[in-house]
Amino acid sequence: MPLSFYMSNKVRKETFPIVGMNCASCAARVDKTLNAVKGVESANVNYAAATAQVIFDEELCSVGNLQAAVHHAGYELLAASAGDGRSVMDEAAEERRKRFESLKRDTLIAGVLGFAVFVLSMFFMESTEVKYVIWGLATVVVFFPGRRFYVNAWRQLLHFTSNMDTLVAVSTGIAYLFSVFNLLMPEFWLSRGVTPHLYFESSTVIIAFILLGRLLESRAKQNTSDAIGKLMGLQPKLVTVVGAAGEELLPIDRVQVGDMIAVHPGERIAVDGVVVEGESYVDESMLSGEPVPVLKKQEARVYAGTMNQKGAFRFRAGKVGADTVLSQIIRMVQDAQGSKAPIQKTVDRVAGIFVPTIISIAIFTFAMWSIFATEDAFPHALLTAVTVLIIACPCALGLATPTAIMVGIGKGAETGILIKDAESLEIAHNTDCVVLDKTGTVTEGHPDVAETLWEDNVNRSLLELLLHGLESRSEHPISDAVVRSLGMRPSVELDSFAVIPGKGVTGSREGVTYYVGSLSLMEEKSIRMSAYMKAKCRRWAADAHTVVVFADEERALAAFAVSDKIKSTSVAAIARLHQMGVEVVLLTGDHRGAAEAVARKVGIRQVVAEALPQDKAALIRRLQQEGKVVAMAGDGINDSAALAQADLSIAMGRGSDIAMDTATVTILSSDLEKIPEMIHLSRLTVKTIHQNLVWAFVYNMIGIPIAAGALYPLNGFLLNPMIGGAAMAFSSVSVVSNSLRLKRKKIQLTHKTVKTMTKKFSVNGMMCDHCRRHVEDALNSIEGVKATVTLNPAVAEVEFSGKELSLDELQEVVLDKAGDYKLMA
């Protein structure tokens with residue numbers, strides 16, 4: 001199906017397959033034709049993908065108008081006429097397959113016959129009979145495998161334009177006709193004192209080499225679009241629908257929203273929906289990039305393309321067809337691969353005038369040799385003109401950017417990074433400042449219990465049941481965090497329950513009143529707290545945790561530090577951004593204390609807190625005015641203005657739909673490590689584009705003068721047209737092969753193993769468990785230290801993950817933060 005969505009009620013954007021393009025000049029011709037159609041706002045033709053991405057006004061222009069214009073230009077634009085439009089992509093793939101098979105057959109015929117002509121020309125040219133055999137073989141090659149060049153060149157001529165086929169047809173046609181003339185009328189030259197030469201081997205071997213080059217190029221181009229094929233292959237063709245008569249296997253296009261779908265062990269999920277019954281683990285690596293399967297049970301969401309493991313379940317279809325997450329990913333990837341990077345637009349202008357320029361150079365070369373050559377002027381003039389036409393290659397220029405873009409965007413999609421357009425991929429390599437939203441980007445986006453402290457000598461199992469009963473009745477997110485930390489518990493009947501607005505909850509059971517809430521609630525109710533718990537709560541508050549206390553009528557029983565947990569990958573991702581020379585700024589609407597606490601833990605030095613949506617966009621503008629190329633990563637509706645302002649906008653995949661619509665890059669897994677990976681991928685892709693362009697320009701700048709005979713006055717060297725044809729084929733294949741090297745590049749963040757050292761120390765002065773915890777907390781407050789302290793025996797086991805500290809340094813911290821306890825080696 002042509003991938004489409006509606007920009008408004010009238011303006012529509014679609015990606016159509018184009019059939020018949022043979023070089024970059026063809027793509028430039030189709031691009032120019034589509035952009036000239038009334039009602040077309042913009043058209044981008046991608047030669048490597050063989051597609052045209054068109055934005056057009058349906059009131060002024062129809063798909064039929066586009067097809068007619070492209071057909072008139074000598075090519076075909078494929079579009080669905082009725083029914084499921086996806087078949088048009090299958091039709092395009094089938095057409096490309098047929099053309100590839102035809103190309104392979106013609107290449108084999110031309111190669112075998114061309115080799116025979118070459119051998120006969122080299123060793124048996126003195127025989128008149130052999131000359132006629134060579135003519136016959138060359139005629140077969142020129143008019144059968146080579147017919148495509150002449151047919152396409154004629155079509156171009158009818159439209160007063162030219163392409164790569166024009167160069168091949170003119171050069172090989174001249175060589176062939178000149179050889180026929182010399183074979184049949186040698187006396188014309190002999191009477192003028194000139195030896196007539198035959199160039200049948202040049203015309204046949206040139207055709208063979210160019211066909212071989214196109215065959216290799218076609219195969220390589222197929223590899224650059226593997227990502228789309230892999231994504232499309234993730235959706236099953238058949239799906240098990242549960243109806244009144246039981247389970248029925250139906251084609252995917254017959255599934256409707258609301259249908260009940262059965263999923264058996266080892267099957268791929270066909271559409272998006274919500275689990276109704278059963279449970280199983282599902283491999284969602286195609287979405288998240290994470291290899292660990294996810295448990296799916298009742299009310300869990302499942303997505304098309306993901307793989308069920310060993311269980312079985314049924315789910316209600318929620319999104320089908322083009323609305324599934326998988327279809328949206330395919331659309332985004334194809335749109336991105338069909339878009340053009342800014343650098344490509346310059347290259348397209350060069351490719352558009354390339355062929356006429358080369359024909360002009362060939363005519364000029366012929367004229368110069370005819371005028372100034374002292375001997376064999378005409379044969380030399382003809383030979384050099386033919387070689388100039390053959391060696392020039394607009395294809396290498398035309399393929400340099402799109403092949404690298406396609407591979408880069410495809411590789412990103414395979415690792416969970418969706419890049420919406422080529423321009424974003426090009427911008428990313430210049431990014432020198434990344435602004436990160438805190439909640440949901442650096443942190444998990446939901447509160448969790450980070451630490452728990454229970455008082456000694458309490459019936460913890462009973463109290464946990466009571467606490468679960470109280471907090472499960474509250475609707476506050478912090479209460480949800482406490483409930484999750486307690487795990488599954490049987491329900492407990494309470495005599496009473498009430499919410500204390502802004503402070504917590506209260507309830508009673510068997511005549512005892514219990515409270516769960518903030519420190520201010522405890523003070524208000526005159527709840528007694530141990531000195532150790534008070535100190536612990538103060539430390540949690542200083543670290544920007546939300547403190548929750550559980551108490552009865554007299555004393556505090558437990559305390560909880562609740563915070564929005566920092567993602568496990570955030571520290572490593574931010575460290576890698578710094579290593580790459582990228583400045584990182586933390587931007588949040590949260591209060592400064594919480595923001596600075598998170599920034600310290602993840603290694604961010606610049607913090608902007610308490611920012612409203614308009615403040616976030618203003619910060620991006622200020623950074624841009626300072627000359628920075630700014631990337632903004634966020635996941636909320638309040639981030640959408642800043643995302644729209646940024647040079648590069650990145651949405652975390654589990655965020656709001658508005659953020660993802662605004663952003664030009666989507667991280668499917670919400671893993672912060674994907675941001676440095678995306679920048680690294682961009683740098684690799686742009687580096688590959690530059691390599692390709694340098695090679696393509698240098699090849700033509702050196703090859704064309706040599707073909708014209710620039711070296712002849714120096715050393716008598718003239719380039720054989722056969723060698724020119726081989727060089728031309730090699731230039732295109734080398735550009736595509738260089739782009740394909742991107743597939744083998746690693747962009748994932750490599751985690752370094754941290755070496756640790758463990759030492760044990762005796763501890764004097766500890767009398768009870770409170771003493772032990774004081775010492776343990778003091779040691780664990782040191783960065784790079786993990787300590788476990790036991791009371792009997794009185795030993796501190798200290799693990800160093802960074803610099804090893806001396807006994808005196810450890811003792812100083814213990815005296816300062818715990819009290820008069822003595823460490824001994």
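Computed from a predicted structure; not experimentally measured.

Cut-offs and rules
- Residues numbered from 1 in each chain as written.
- Predicted model: local features only at pLDDT ≥ 70, side-chain atom pairs only at ≥ 80, totals over all residues.
- Heavy atoms only, no water.
- Buried < 20%, exposed > 50% of the residue type's maximum accessible area, 1.4 Å probe, protein only.
- Helix = DSSP H or I, 4+ residues; strand = E, 2+ residues; numbered from the N terminus.
- Pairing = 2+ DSSP bridges.
- pLDDT = per-residue confidence, 0-100.
- Contact = heavy atoms within 4.5 Å.
- Axes fitted to C-alpha atoms, helices over the stretch in contact; angles between N-to-C directions.
- Polar contact = N/O pair within 3.5 Å; in protein donor to acceptor, adjacent residues only side chain to side chain.
- Core = buried A, V, L, I, M, F, W, Y, C linked by side-chain atoms within 4.5 Å.

### Topic: the pairing of strand β29 (residues 795–800)
- Across the two faces of β29 the burial differs, with Ala796, Val798 and Phe800 buried and Val795, Glu797 and Glu799 not buried at all.
- Relative to β29, strand β27 (residues 757–764) runs antiparallel, the two being bridged by six bridges. Opposite lysine 759, over in β29, you have valine 798 as the bridge partner.
- Two elements, strand β28 (residues 785–790) and β29, share six bridges in a ladder whose sense is antiparallel. Residue pairing in the sheet places threonine 788 in a bridge with glutamate 797 of β29.

### A short note on the confidence of the model for the chain
- Here the chain averages 81 in pLDDT, while 87% of its residues score no lower than 70.
- Ranking the helices and strands of the chain by mean pLDDT puts strand β8 (residues 260–263) first, with 94, and strand β1 (residues 3–6) last, with 40.
- pLDDT under 50 marks residues 1–8. Its contacts with residues more than four places away, or in other chains, come to 32 contacts.

### Section: the sheet that holds strand β17 (residues 496–500)
- Here six strands make up an open sheet; going across it, the order is β16-β21-β20-β19-β18-β17 and the pairing antiparallel. With one partner strand each, in any of the chains shown, β16 (443–454) and β17 form the two edges of the open sheet. Recorded for the sheet is a direction-independent mean angle of 20 degrees between the axes of neighbouring strands.
- Note: β17 against strand β18 (residues 504–509), five bridges, orientation antiparallel. Note that in β18 the partner of phenylalanine 497 across the bridge is glycine 507.
- With respect to the sheet, helix α20 (residues 531–542) is in contact with β16, β20 (546–551) and β21 (556–566), its orientation differing from that of β21 by roughly 15 degrees.

### Details of the environment of serine 472
- Assignment of secondary structure puts serine 472 in helix α17 (residues 460–472).
- Sequence spacing of serine 472 and valine 482 is 10 residues, and the spatial spacing of their C-alpha atoms is 8.7 Å.
- A polar atom in the side chain of serine 472 sits 3.2 Å from the backbone oxygen of glycine 469.

### Regarding the nonpolar core
- By size, the foremost hydrophobic cluster in this structure holds 48 residues, and its most contacted members are Leu436, Ile650, Ile675 and Met678.
- The element best represented in this core is helix α26 (residues 674–707), accounting for seven residues.
- Apart from residues lying up to four places away in sequence, isoleucine 650 is in contact with Ala631, Met632, Ala633, Gly634, Leu643, Ala663, Val665, Ile667, Ile675 and Met678.
- Within the second largest apolar cluster, 37 residues are counted, among which are Leu113, Val142, Val180 and Leu211.

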